[in-house]
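Tertiary structure, described
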Amino acid sequence: EESTAIDINEFFNEILEDNSGKNINLKITKEEMALVARKLALKRCFGNLIQNGLSYGNNVFIDVNKTKNRLIIIIEDDGPGIPSDQYKNVFKPFFRIDKSRSQNKSGIGLGLSISEDIIHSHGGNIQLSESNKYKGLQIKVSLPF
C-alpha cells in the first residue's frame, strides 16, 4: 500500500462510522492534523485495538492529540486490563494471557502483534499501561508527522 496524506479527523470519524452502534467515545482536537501513512494498514491497526477494548470492556475511549512533531492516540477501555508483567508478552504472535478467560473471545492472538508491526513500520511506538480514568487498559500510540 502506498503512503498518502491522511486527514486524521476524517480518519477517526470513519472508524466511528465503521463501528456505529458500539460504545466508542472519541475526543479529537478541532485542529487540522495530517499524517502521511498507509491508511488501510492504520485502519486495521486501530480496528484491532478498538475491538480488543470492546471485547473485554463495555466502552472504549479514544483521545487524539498532537504535539509539535507527533500524533498521540490514547485508547482506553473499562475492562479488566492486563497484568503489567504481561505487557511485553501480549505483543508476541498467538500469545493469550489466560486461556480460560479468552475461551469465549474470537481471535487467535495476532491483533496486538499486527498492530505493533504496523505502528513500528510507520516509525511510531505503542505502549500499554493501566488506565487511570477507566480502570481498564490504556494503549498509547505515538506516530511522527
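What comes next is a walk through the structure. Quantities reported herein were computed from a predicted structural model and do not represent experimental measurements.

Read from one edge of the open sheet, five strands run β2-β4-β5-β7-β6, paired in mixed fashion. Strands at the two margins of the open sheet, each flanked by one partner only, are β2 (24-28) and β6 (125-130). With strand direction ignored, the average angle separating the axes of adjacent strands in the sheet is 15 degrees. Pairing analysis gives seven bridges linking strand β4 (residues 60-66) to strand β5 (residues 70-77), with the strands arranged antiparallel. By the bridge assignment, N65 is partnered in β5 with I72.

A separate point is the packing of helix α2 (residues 39-56) against helix α3 (residues 111-121). Helix-helix packing is described using two parameters, namely the angle between the two axes and the distance between the axes. Where α2 meets α3, the axes come as close as 9 Å, and the angle between the chain directions of the two elements is 140 degrees. The two elements α2 and α3 cross, and the hand of that crossing is left-handed. Listed contacts from α3 to A41, L42, R44, C45, N48, L49 and N52 of α2 are G111, L112, I114, S115, I118 and I119.

Evaluated as defined, the whole model comprises one cavity of 30 Å³ or more. Looking at the largest cavity, its volume works out to about 30 Å³. Considering every element that reaches the lining of the largest cavity, the biggest residue donor is β5, with three residues. Looking at side-chain class alone, the lining of the largest cavity contains five nonpolar, one polar and two charged residues.

Turning next to the environment of P93. Among the secondary structure elements, P93 is positioned in the loop between β5 and α3. With a relative accessible area of 48%, P93 lands in the partly exposed category. It is 26 Å that separates the C-alpha atoms of P93 and D18, two residues lying 75 residues apart in sequence.

F12, L42, F46, L49, I62, I73 and V141 are the most contacted members of the largest nonpolar core, which has 35 residues in total. Put simply, the parts of the chain that give this core at least two residues each are α1 (8-18), β3 (34-37), α2, β4, β5, α3, β6 and β7 (137-144). No other element matches the seven residues that α2 contributes to this core.

This part covers α1. Considered for burial, the residues of α1 that qualify are I8, N9, F11, F12 and I15. One face of α1 carries all of its buried residues, which in axial projection span an arc of 165 degrees. Contacts made by the buried residues of α1 are with β1 (4-7), β2, β3, α2, β4 and β5. The backbone nitrogen of N9 lies 2.9 Å from a side-chain oxygen of the residue at the head of α1, namely D7.

Each value, and the rule that gives it
- Residues numbered from 1 in each chain as written.
- Predicted model: local features only at pLDDT ≥ 70, side-chain atom pairs only at ≥ 80, totals over all residues.
- Heavy atoms only, no water.
- Pairing = 2+ DSSP bridges.
- Helix = DSSP H or I, 4+ residues; strand = E, 2+ residues; numbered from the N terminus.
- Axes fitted to C-alpha atoms, helices over the stretch in contact; angles between N-to-C directions.
- Left-handed = near helix turned anticlockwise from the far one by under 90°.
- Contact = heavy atoms within 4.5 Å.
- 1 Å grid on protein atoms, 1.4 Å probe; cavity = no way out; pocket = protein on both sides within 12 Å on 5 of 7 lines; lining within 4 Å.
- Points joined across faces, edges and corners; volume = space filled by probe spheres on them.
- Nonpolar A, V, L, I, M, F, W, Y, C, P; charged D, E, K, R; others polar.
- Buried < 20%, exposed > 50% of the residue type's maximum accessible area, 1.4 Å probe, protein only.
- Core = buried A, V, L, I, M, F, W, Y, C linked by side-chain atoms within 4.5 Å.
- Arc of directions from axis to C-beta.
- Polar contact = N/O pair within 3.5 Å; in protein donor to acceptor, adjacent residues only side chain to side chain.

By themselves, these are just geometric observations and shouldn't be taken as functional.
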